[in-house]
Amino acid sequence: MDDILLRYTLRVNRRLFQKFRYIAEAEGRSANKEIEQYLKRRVAVYEKEHGEIPVEPES
């Protein structure tokens, strides 16, 4: 397991999350992994349009 994982609390409408969890399970993923996939895709689209997002190196 990656030891540089960030823990983040997400507040979201319960019904929306139930539907999201359904989709995640249909895709064979946990809700957490499904969120991670959405984030990766969104960042990739943004960076394709605007260039790489600068971030500070992990310490």
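Just above, that's the structure.
Residues numbered from 1 in each chain as written. Predicted model: local features only at pLDDT ≥ 70, side-chain atom pairs only at ≥ 80, totals over all residues. Heavy atoms only, no water.

## Section: the environment of leucine 5
Phase 1: Turning to its location among the elements, leucine 5 is positioned in the segment before α1 (14-26).
Phase 2: Given a relative accessible area of 56%, leucine 5 falls into the exposed group.
Phase 3: With twelve residues separating them along the chain, leucine 5 and phenylalanine 17 place their C-alpha atoms 22 Å apart. (Helix = DSSP H or I, 4+ residues; strand = E, 2+ residues; numbered from the N terminus. Buried < 20%, exposed > 50% of the residue type's maximum accessible area, 1.4 Å probe, protein only.)

## With respect to the packing of aromatic side chains
Phase 1: Using the criterion set out here, one finds two aromatic pairs in the structure.
Phase 2: Ring plane angle 50 degrees and centroid distance 5.7 Å describe the contact between phenylalanine 20 and tyrosine 38, whose orientation is recorded as tilted. You can see phenylalanine 20 sitting in helix α1 and its partner tyrosine 38 sitting in helix α2 (residues 31-50), a full 18 residues away along the chain.
Phase 3: Look at phenylalanine 20 and you get buried, because its relative accessible area is 16%.
Phase 4: The structure contains a cluster of three or more aromatic residues connected by ring pairs, namely Phe17, Phe20 and Tyr38.
Phase 5: Across the ring face of tyrosine 38, the terminal group of arginine 41 is positioned such that the distance to the ring centre comes to 4.8 Å. (Phe/Tyr/Trp six-rings, centres within 6.5 Å; stacked < 30°, edge-to-face > 60°. Lys NZ or Arg CZ within 6 Å of the ring centre and 35° of its normal.)

## With respect to the environment of alanine 31
Phase 1: Turning to its location among the elements, alanine 31 is positioned in helix α2.
Phase 2: Alanine 31 sits in the buried class, given a relative accessible area of 11%.
Phase 3: For the pair formed by alanine 31 and arginine 21, sequence separation is ten residues and the distance between their alpha carbons is 5.3 Å.
Phase 4: Those residues in contact with alanine 31 that lie beyond four places of it in its chain are Phe17, Phe20, Arg21 and Ala24. (Contact = heavy atoms within 4.5 Å.)

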